[in-house]
Amino acid sequence: KAGVTQTPRYLIKTRGQQVTLSCSPISGHRSVSWYQQTPGQGLQFLFEYFSETQRNKGNFPGRFSGRQFSNSRSEMNVSTLELGDSALYLCASSLGGRGTAFVQFFGPGTRLTVL
Amino acid sequence: GENVEQHPSTLSVQEGDSAVIKCTYSDSASNYFPWYKQELGKGPQLIIDIRSNVGEKKDQRIAVTLNKTAKHFSLHITETQPEDSAVYFCAASSGGSQGNLIFGKGTKLSVKP
């Protein structure tokens with residue numbers, strides 16, 4: 001099976017712009033989670049989508065949003081970019097379901113640089 | 001909410017030695033504890049995980065132990081090799097918040113040949 005893919009791998013934006021990142025999960029996986037990784041804060045959970053619905057949300061401002069399509073592919077959007085949004089954005093996929101924590105497999109990430 | 005502490009932040013060992021990384025968690029409802037290895041320029045790769053109904057799990061040179069009473073779990077790597085050099089992250093998740101992993105800050109492991 002192909003792994004989790006993320007596009008683009010690198011992005012450079014300026015403050016005030018918006019950006020959309022894409023994630024394709026492993027075939028058959030229905031849950032997609034997004035994480036932000038920075039040297040100072042480490043890996044922080046943004047949100048999780050399962051069957052096109054946001055199931056969990058981390059402690060990030062409303063400028064960060066996401067969605068999931070019927071084929072389980074997911075996008076996240078960051079509006080009004082700030083310098084502090086520079087980070088590696090990671091997507092993880094899992095089977096999903098309820099009542100138990102499923103193994104998450106990570107993609108290579110999208111490196112976002114805000115100038 | 002859940003909080004995961006990880007120690008040490010850096011660890012240097014000689015090739016062939018063992019390495020131990022420790023994590024503590026705060027939420028007694030957490031029941032799933034994965035460990036990830038992240039190499040430069042790559043996403044985290046799952047190396048081993050353990051669930052709360054198990055005290056220990058081993059996979060070749062890697063083992064994880066869990067002490068639910070003390071709320072801590074540890075990663076043990078034996079016979080370390082230079083290719084084990086990477087950043088290792090522990091994480092915790094509960095069944096009530098699927099898809100939400102809380103990560104430790106990471107341990108940079110250096111294995112000297």
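It should be noted that the structure appears before, not after, this text.
Residues numbered from 1 in each chain as written. Chains lettered and ligands numbered in written order. Predicted model: local features only at pLDDT ≥ 70, side-chain atom pairs only at ≥ 80, totals over all residues. Heavy atoms only, no water.

Chemist: Quick one: what's the story with the overall build of chain B, residue by residue and with numbers?
Modeler: Summing up its helical and strand segments, chain B has 0 helices and 11 strands in all. In terms of overall dimensions, chain B is globule-like: its C-alpha atoms have a radius of gyration of 14 Å, near the 13 Å expected for 113 residues. Considered along the principal axes of its C-alpha atoms, chain B spans approximately 45 × 30 × 20 Å. Within chain B, buried positions represent 47% of all 113 residues. Pairs at least 24 residues apart make up 53% of the contacts formed inside chain B by residues separated by at least 6 positions. Only carbon and sulfur atoms are counted for the fraction: they give 48% of the accessible area of chain B, which is about 5,500 Å². Side chains of chain B carry 12 positive and 12 negative charges; the gap between the two charge centres is 3 Å. (Helix = DSSP H or I, 4+ residues; strand = E, 2+ residues; numbered from the N terminus. Rg over C-alpha atoms; globule rule 2.2 N^0.38 Å. Buried < 20%, exposed > 50% of the residue type's maximum accessible area, 1.4 Å probe, protein only. Contact = heavy atoms within 4.5 Å. Areas by Shrake-Rupley, 256 points an atom, 1.4 Å probe, with all protein chains shown as cover. Lys, Arg positive; Asp, Glu negative; His and termini not counted. Charge placed at Lys NZ, Arg CZ, Asp CG, Glu CD.)

Chemist: Please provide a residue-by-residue account of unusual backbone geometry, values included.
Modeler: Phi is mostly negative for residues that are not glycine, and the peptide bonds are mostly trans. With an omega of -10°, the peptide bond between Thr7(A) and Pro8(A) qualifies as cis. Across the junction of His7(B) and Pro8(B), the peptide omega takes the value -5°, indicating a cis bond. Position of Pro8(B) relative to the elements: it lies in the loop between strand E1 (4-7) and strand E2 (10-14). With phi around 70°, Glu52(A) is a residue other than glycine that occupies positive phi space. Within the secondary structure layout, Glu52(A) lies in the loop between strand E5 (42-50) and strand E6 (53-57).

Chemist: If you had to explain the nonpolar core to someone new, which residues and values would you point to?
Modeler: Side chains of nonpolar character tend, in soluble globular proteins, to be buried together. Core analysis: the biggest nonpolar cluster contains 24 residues, and Trp35(B), Phe73(B), Leu75(B), Tyr88(B) and Leu109(B) have the highest contact counts within it. Sorting the residues of this core by element identifies E2, strand E3 (19-25), strand E4 (30-38), strand E5 (45-51), strand E7 (62-67), strand E8 (72-77), strand E9 (86-94) and strand E11 (107-112) of chain B as the ones contributing at least two each. Beyond its immediate stretch of four places on either side in the chain, Leu109(B) contacts Leu11(B), Val13(B), Ala19(B), Ile77(B), Asp84(B), Ser85(B), Ala86(B) and Tyr88(B). Membership of the second largest hydrophobic core comes to 21 residues, among which are Val4(A), Ile26(A), Phe64(A) and Tyr89(A). (Core = buried A, V, L, I, M, F, W, Y, C linked by side-chain atoms within 4.5 Å.)

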